[in-house]
Amino acid sequence: MLKVYNTLTRKKEDFVPIDEKCVRMYSCGPTVYSYAHIGNLRTYVFMDLIRRVLRYDGYKIKGVMNITDVGHLLSDGDEGEDKMAKAAREQKKTPWEIAAYYTDVFFKDIDALNIGRPEIIAKATEHIPEMIEFVQALQEKGYAYEITDGIYYDIGKFPSYGKLSGQVLDEKEAGARVEENSEKRHPADFALWKKADKNHIMQWPSPWGMGFPGWHIECSAMSRKYLGETFDIHSGGIDAVPVHHENEIAQNEARAGKKTVNYWMHGEFMMVDGGKMSKSLGNVYTIAQLRDMGYDPLDFRFFCLNAHYRKKLNFTFEGMTAAKTSRERIMATLYQHKVSPVKTDETVLNDYKNKFSEAINDDLNIPLALGVLFNMLKEPKSKDVYELALQFDKVFGLSFDKATAPKQDAPKDDIPQEVLDLVQKRADAKKAKDFALADAIRGQIAELGYIVKDTREGAVVTKQ
Ligand code: AMP
Ligand code: ZN
């Protein structure tokens, strides 16, 4: 039985899907204004692991991931410029060009990391009507109000606001900044729709005039459209808990009049050298940069797999190098198993299989599952071990099927073309039974510093 930690209840719970045959899952995707950094990518590896474990357990999945290409302002609240518009201004492109470019890079990155694509990828800009409709529904139910710059959610009407992060509203109020929009009823009320002035690049017609959606309404509108009023899992990075996901809950539950998400799952942050990852500290890395430094993207995936998703993971280059060495060793050992005809006792294999299942079903304990793999690889070399490792790899996603013979050392010297031509001439002479000529050519080859030997596979040339 799969157990997962639910951020909402702060407990590990048995996972029971609404529809026993198909799990419905929503994952907050990237804001496509820049390259994804390795911290962002850790979160997508985590979401991929949820999907892989569910599939290993025999579930079908209907997964949705959004692409945020509008509405995510510089702060997670309602202040600052739209991240897309800022990038467009800085790079002298349109927000649409920015979105297209970084969406493409994002998919290349996740492909390189063996992160499977959710069944549905939903772009915010392609769901503006659904968002407007959602805001209207909230307005009709009395949860939204209009002020000068937009339509806002009235959290005073939603008494359980803050239940995901365990925040009390008064604390939010006390923590609010003075320059807050004074027309708002509560400092934590958030924008559902913002009215746009003429200079705002991305804007759409709405019942409230030209404007653009708030960031949080996007996920509520798209999850409802594709997954229905209630669904099983909502996943995201831990930083989404206090604002983005609280707001999603407030929107969803106000509209549905009931709980809409059964399991909230959040991945912890990646740190660098024990601290925050930030552009100003110069410690934000991309997959392309790791590649340039000689790491395979799967070395990074393996690095992530070594820590439980609810634990902070500290990125260091020593750690990355250790991951690379360890992964290469695993691949070499897998190959030795692959080519061995020896059989392994079924009870031995079943024991590993059970231990593996126990580990992954205990709230995705992938580090423990890797431990099971390491122990199994110590068994006498056997193709059966390799076959079972391939099954485990459905969860790990480390391309165990690509385990090949270790690379032979490259020949120290390439044989010059002149010598190769002589070898060919000699072979022709032998074929024509002109052994005198063949011997003469052998002499020429020797003068150039090479020896030619006849073997069953044909002539072989080596340096003298
Ligand atoms: P963004 O594209 O900025 O919306 O972020 C994409 C995802 O990356 C979000 O789910 C964040 O929670 C997550 N994220 C951002 N920084 C980190 C980090 N240092 N470690 C892990 N996840 C992160
Ligand atoms: Zn979201």
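If you're wondering where the values come from, they're calculated on a predicted model, not measured in any experiment.

The rules we used
Residues numbered from 1 in each chain as written. Chains lettered and ligands numbered in written order. Predicted model: local features only at pLDDT ≥ 70, side-chain atom pairs only at ≥ 80, totals over all residues. Heavy atoms only, no water. Helix = DSSP H or I, 4+ residues; strand = E, 2+ residues; numbered from the N terminus. Rg over C-alpha atoms; globule rule 2.2 N^0.38 Å. Buried < 20%, exposed > 50% of the residue type's maximum accessible area, 1.4 Å probe, protein only. Expected span 1.5 Å × (residues − 1). Arc of directions from axis to C-beta. Contact = heavy atoms within 4.5 Å. Core = buried A, V, L, I, M, F, W, Y, C linked by side-chain atoms within 4.5 Å. Domains from an automatic or database assignment. Near = heavy atom within 4 Å. Polar contact = N/O pair within 3.5 Å; in protein donor to acceptor, adjacent residues only side chain to side chain. Areas by Shrake-Rupley, 256 points an atom, 1.4 Å probe, with all protein chains shown as cover. Nonpolar A, V, L, I, M, F, W, Y, C, P; charged D, E, K, R; others polar. Donors = N, O, S within 2.8 Å, 3.2 Å for Na, K, Ca; no water. Salt bridge = Lys/Arg side-chain N within 4 Å of Asp/Glu carboxyl O. Axes fitted to C-alpha atoms, helices over the stretch in contact; angles between N-to-C directions. Left-handed = near helix turned anticlockwise from the far one by under 90°. Pairing = 2+ DSSP bridges.

All right, on to the overall build of the chain then. For the chain, the count of helices and strands is 15 helices and 15 strands. The C-alpha radius of gyration of the chain comes to 30 Å, more than 25% above the 23 Å expected for a compact globule of 464 residues. In terms of overall dimensions, the chain has C-alpha extents of about 105 × 60 × 40 Å along its principal axes. Relative to its 464 residues, the chain shows a buried fraction of 51%.

Turning our attention to helix 10 (residues 317–338). Residues separated by three or four positions in an α-helix point in the same direction, a consequence of the helix having 3.6 residues per turn. Taking 1.5 Å per residue, 22 residues should reach 32 Å; helix 10 reaches 31 Å between its end C-alpha atoms and fits that length. Of all the positions in helix 10, only G319, M320, A323, R327, I330, M331, T333, L334 and H337 are classed as buried. Taken around the axis of helix 10, the buried residues stretch over an arc of 170°, which confines them to a single face. For helix 10, the exposed residues lying more than 90 degrees away from the buried face are E318 and R329. Against helix 8 (287–292), helix 9 (297–305), strand 13 (313–315), helix 12 (366–377) and helix 13 (383–396) lie the buried residues of helix 10.

One non-glycine residue, D273, lies in the positive phi region at around 45°. Position of D273 relative to the elements: it lies in the loop between strand 12 (270–272) and helix 8. According to the relative accessible area criterion, D273 is exposed, its value standing at 63%. The phi angle at D363 is positive, at roughly 50°, despite the residue not being glycine. Residue placement: D363 occurs in the loop between helix 11 (346–361) and helix 12.

Before going further, it helps to spend a moment on the nonpolar core. In this structure, L54, Y153, F300, F315, L373 and F396 are the most contacted members of the largest nonpolar core, which totals 125 residues. Residue contributions to this core reach at least three from each of two domains, namely domain 1 (3–267) and domain 2 (279–402). Excluding residues that lie within four positions of it along the chain, F396 makes contacts with R301, L305, F356, I366, A369, L370 and L373. In terms of nonpolar packing, the next biggest core, distinct from the first, is built from eight residues, V419, V423, I445 and Y450 among them.

The next point concerns the domain arrangement of the chain. What the domain assignment reports for the chain is domain 1 (3–267), domain 2 (279–402) and domain 3 (412–463). Measuring from the centre of the C-alpha atoms in domain 1 to the corresponding centre in domain 3 gives 71 Å.

Attention shifts here to the site of ligand 1. Taken together, 13 residues surround ligand 1, and among them G39, N40, T43, D239 and M270 come closest. With respect to ligand 1, the side chain of D239 contributes an N or O atom lying 2.3 Å from an oxygen atom. Note that a nitrogen atom of ligand 1 is positioned 2.8 Å from one of the backbone N or O atoms of M270. Look at ligand 1: alone it shows 490 Å² of surface, and the protein chains cover 87% of it. Considering every element that reaches the shell around ligand 1, the biggest residue donor is helix 1 (residues 38–56), with four residues. Residues belonging to the shell around ligand 1 are distributed by class as follows: four nonpolar, seven polar and two charged.

Of the protein atoms, only C28 (SG), C219 (SG) and H244 (NE2) coordinate the zinc ion (ligand 2), at distances of 2.1 to 2.2 Å. Counting along the primary sequence, the residues that act as donors to the zinc ion (ligand 2) give the motif C-x190-C-x24-H. On the criterion of sequence distance, the pair formed by C28 in the loop between strand 3 (22–27) and helix 1 and H244 in helix 7 (residues 241–256) is long-range, its members being 216 residues apart. Note on H244: relative accessible area 1%, which makes it buried.

Two side chains with opposite charge may pair up if their charged atoms get near one another. Applying the stated criterion to the full structure yields 28 salt bridges. One salt bridge connects E130 with K225, and the closest N-O pair in it is separated by 2.7 Å. Here E130, found in helix 4 (residues 128–140), pairs with K225, found in helix 6 (residues 215–227); they are 95 residues apart in sequence, far enough to count as distant. Linking K355 and D351 is a salt bridge whose minimum nitrogen-to-oxygen distance equals 2.9 Å. Of the two residues, K355 and D351 both sit in helix 11, four residues apart, roughly one turn of that helix. One network of salt bridges, with partners in common, ties together R426, K430, R442 and D454.

When two helices pack together, their arrangement is given by the angle between their axes and by how far apart the axes lie. Where helix 4 meets helix 7, the axes come as close as 9 Å, and the angle between the chain directions of the two elements is 65°. Crossing of helix 4 against helix 7: the hand is left-handed. Touching E133, F134, A137 and L138 of helix 4 are Q251, N252, A254 and R255, all from helix 7. For the contact of helix 4 with helix 7, the class distribution of residues is four nonpolar, two polar and two charged.

Time to look at the sheet that holds strand 7 (residues 150–153). In space, the four strands of this open sheet follow the order 6-7-8-9, with antiparallel pairing throughout. Across the chains shown, the open sheet's two edge strands, defined by having one partner strand only, are strand 6 (144–147) and strand 9 (211–213). Going from strand to strand, the sheet's axes swing by 20° on average, the running direction of each strand aside. Judged from the four bridges that link them, strand 6 and strand 7 form a sheet pairing that is antiparallel. Counted as the bridge partner of A144 is Y153 from strand 7.

All right, on to the side chain of N66 then. By secondary structure assignment, the location of N66 is in strand 4 (residues 60–67). N66 gets classed as buried once you look at its relative accessible area, which sits at 1%. Separated by 2.7 Å, the side chains of N66 and E218 make a polar contact. The contact partners of N66, leaving out residues within four places of it in the chain, are Y26, S27, C28, G29, P30, A122, E218, C219 and M222.

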